[in-house]
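One letter stands for each residue in the lines below.
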Amino acid sequence: MQWYYASQGRQSLAIDESELESLVRTGVVRPDTLVWHEGLDTWKPYSSLTGPAQPTPMPSVGNGASMGYCAECGRVFPTSELVAIGAATICASCKPLHLQRLREGGRALGAVRYGGFWVRLVARLIDGFALSIVGWIFQIPLLFLLPMSIKETQDPTAMLPRTFAILGIATLLNMALNVAYEVYFLSTRGATPGKMAFGLKVVRADGSGISKGLATGRYFAQWVSSITLMIGYIMAGMDEEKRALHDRICDTRVIYVN
């Protein structure tokens, strides 16, 4: 049976029952953590379900201080000696190892392949070509609103306000189309058609999908990658996880899914 659990408003990747039991023992999945598996009509607190064993009660020290588990080594420590990293609590000794695992893809992503600079560039060109076709379909009618030529008007300067207004509308229309394209495909499919052509997907650091809000922010963060003389995009070719500047800003990754 495949289980899912919620952490900080995000859904985990599918895990089996033994992995869930391990997360329960280490304190990552707590009694109040929402979990779901096929057959449940809604997400429910783990404590309300039967199945895997519930976590053993936390012991306390003599002075009544609360205790917690380290998600790496499984040992019990006073909570004051544990640090929260994402949904897990980690002891000081295990912190370097845990951070290294996160840098290498983390438990959620496992061994993944990241989409590099060149494949993402080609994917972007495909998206740009598709958007240009759709954009012209919407913008061609605006061209008929412009005077056929300056010679057709006795006062050429009189057409300037109208021309700038139409160009402004075309620019806003093109921007809206780009935002809608990016947000729709990333939030519903995890990738634009260009990325899908190469089996790529945009995910969060923990492997979960991105929301409409994050997809919108990522689109505008790409402007930052552009205004840095494209250095923000080139960074993807030098980063261990192939992150461009906008990926760093939004904490996203581009990975292969097949």
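What this report covers is the structure whose coordinates are included nearby. Here the structure is a predicted model, which is why all the values come from computation and not from measurement.

**Concerning the nonpolar core**
If you look at the biggest cluster of nonpolar residues, it comprises 20 residues, and the most contacted ones within it are Y5, V29, V35 and C70. For this core, the secondary structure elements donating two or more residues are β1 (3–7), α1 (17–25), β7 (82–85) and β8 (88–91). Top contributing element to this core by residue count: α1, with 3 residues. Each residue touching V29, except ones within four places of it in the same chain, is listed here: Y5, L20, L23, V24, V35 and Y46. By size, the runner-up hydrophobic cluster in this structure holds 13 residues, among which are V202, I210, Y219 and C250.

**Concerning the packing of aromatic side chains**
This structure, assessed with the given rule, holds 7 aromatic pairs. Pairing Y4 with W36 gives two aromatic rings, centres 5.8 Å apart and planes at 45 degrees, and the pair type is tilted. One end of the pair, Y4, is in strand β1; the other, W36, is in strand β3 (residues 34–37), with 32 residues separating them in the sequence. Here Y4 falls in the partly exposed class, since its relative accessible area comes to 22%. Considering the side-chain rings of F117 and W118, the 4.9 Å spacing of their centres and the 80 degrees angle between planes classify their relative orientation as edge-to-face. On the basis of relative accessible area, W118 is assigned to the exposed category, the value being 64%. Here the aromatic cluster, defined as three or more aromatic residues joined through ring pairs, consists of Y181, Y184 and F185.

**Observations regarding α1**
Here α1 has its buried residues at L20, L23 and V24. Considered in projection along α1, the buried side chains sweep an arc of 105 degrees and stay on one side of the axis. Looking at the buried side of α1, the elements it contacts are β1. Of the residues one or two after α1, G27 is the one with positive phi, at around 85 degrees.

**Re the layout of surface pockets**
When its volume is computed, the second largest pocket comes out at roughly 270 Å³. It is helix α4 (residues 117–143) that contributes the most residues to the lining of the second largest pocket, 4 residues altogether. When its residues are assigned to classes, the lining of the second largest pocket shows 7 nonpolar, 4 polar and 4 charged.

**Structural notes on the pairing of β3**
Here β3 shows a clear split, with V35 and H37 buried on one side and none of L34 and W36 buried on the other. Pairing between β1 and β3: 3 bridges, direction antiparallel. Directly across from Y5, in β3, lies its bridge partner V35. Across 2 bridges, the pairing between β3 and strand β4 (residues 44–45) is antiparallel. Along β4, the bridge assignment pairs L34 with P45. Hairpin connection between β3 and β4: a loop of 6 residues separates the two successive antiparallel strands, and G39 in this loop has a positive phi of roughly 115 degrees.

Basis of the calculations
Residues numbered from 1 in each chain as written. Predicted model: local features only at pLDDT ≥ 70, side-chain atom pairs only at ≥ 80, totals over all residues. Heavy atoms only, no water. Core = buried A, V, L, I, M, F, W, Y, C linked by side-chain atoms within 4.5 Å. Buried < 20%, exposed > 50% of the residue type's maximum accessible area, 1.4 Å probe, protein only. Helix = DSSP H or I, 4+ residues; strand = E, 2+ residues; numbered from the N terminus. Contact = heavy atoms within 4.5 Å. Phe/Tyr/Trp six-rings, centres within 6.5 Å; stacked < 30°, edge-to-face > 60°. Arc of directions from axis to C-beta. 1 Å grid on protein atoms, 1.4 Å probe; cavity = no way out; pocket = protein on both sides within 12 Å on 5 of 7 lines; lining within 4 Å. Points joined across faces, edges and corners; volume = space filled by probe spheres on them. Nonpolar A, V, L, I, M, F, W, Y, C, P; charged D, E, K, R; others polar. Pairing = 2+ DSSP bridges.

Note that every value here comes from positions in space, so none of it alone points to a role or purpose.
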